[in-house]
Amino acid sequence: VVSQESIEKAVDTVGQLVQEEGLNCLINNAGINVMADFQTVTADMMMENFHTNTVAPLMITKTFLPLLKQAASRAGGSGRMSIQRAAVINVISAGLCGAELGVL
């Protein structure tokens, strides 16, 4: 999910499947959980966590936006997104937290 090339390939594949219908729902569910304490955590670990859990869902949604807008416009109205037309659902499960870092 962190490779723009991989995201664009996914959009192309989905676009071929949905064709003129567009995409009604995008669920961002990928993520990682960095398990570390203050002694072992590194900046690279934190950057990987941030990129995968924060930046990647944004870039995925941005890249899928034309397909989502296509579905929204087919539902009538101005092409604005809503749950009746097209939706994005972001699922967040876990991440690096203070207890894992030994803060608490």
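Positions within a chain are numbered from 1, following the residues in the order the chain's sequence is written. Local features in a predicted model are, by the rule used here, given only for residues with pLDDT of at least 70; side-chain atom pairs are given and counted only at 80 or more, and totals for whole chains, interfaces and linings are based on all residues. Side-chain descriptors were evaluated using all non-hydrogen atoms of the structure, hydrogens and water having been removed beforehand.

Caption draft 1: Layout of the confidence of the model for the chain. pLDDT is a per-residue confidence score from the predictor, ranging from 0 to 100. Summary statistics for the chain give a mean pLDDT of 82 and a share of 79% for residues scoring 70 or more. Any pair of residues with heavy atoms lying within 4.5 Å of one another is described as a contacting pair. Contacts from residues 98-104, a stretch scored under 50 in pLDDT, to residues over four places away or in other chains number 15 contacts.

Caption draft 2: The arrangement of the nonpolar core in detail. By convention a nonpolar core is built from buried Ala, Val, Leu, Ile, Met, Phe, Trp, Tyr and Cys residues, the set being connected through side-chain atoms within 4.5 Å. Three labels apply to residues, based on accessible area from a 1.4 Å probe with only protein chains included: buried if under 20% of the type maximum, exposed if over 50%, partly exposed otherwise in between. Counting residues in each nonpolar core, the largest one holds 12 residues, listed as Ile-7, Val-11, Val-18, Leu-23, Leu-26, Ile-60, Phe-64, Leu-67, Leu-68, Ala-71, Ala-72 and Ala-86. Starting at the N terminus, helices and strands are each numbered in turn, a helix being any DSSP run of H or I of at least four residues and a strand any DSSP run of E of at least two. Listing elements by their share of this core, those giving two or more residues are helix H1 (4-18) and helix H2 (43-74). Among the elements that line this core, the one with the most residues is H2, at 6 residues. In contact with Leu-67, not counting residues within four places along its chain, are Val-11, Val-14, Gly-15, Val-18, Gly-22 and Leu-23.

Caption draft 3: View of the environment of Leu-26. Relative to the assigned elements, Leu-26 resides in strand S1 (residues 25-28). Judged by relative accessible area, Leu-26 falls into the buried class, the value being 8%. Leu-26 sits 34 residues away from Ile-60 along the chain, and the two C-alpha atoms are 9.1 Å apart. In contact with Leu-26, other than residues within four places in its own chain, are Ile-60, Thr-61, Phe-64, Leu-68, Ala-87, Val-88 and Ile-89.

Caption draft 4: Just the pattern of salt bridges, in detail. Here, a salt bridge means any side-chain nitrogen of Lys or Arg that lies within 4 Å of a carboxyl oxygen of Asp or Glu. The full count for this structure, using the stated rule, is 1 salt bridge. A salt bridge links Lys-9 to Glu-5, with the nearest nitrogen and oxygen atoms 3.5 Å apart. Of this pair, Lys-9 and Glu-5 both sit in helix H1, 4 residues apart, roughly one helical turn. With relative accessibility at 53%, the residue Glu-5 sits in the exposed group.

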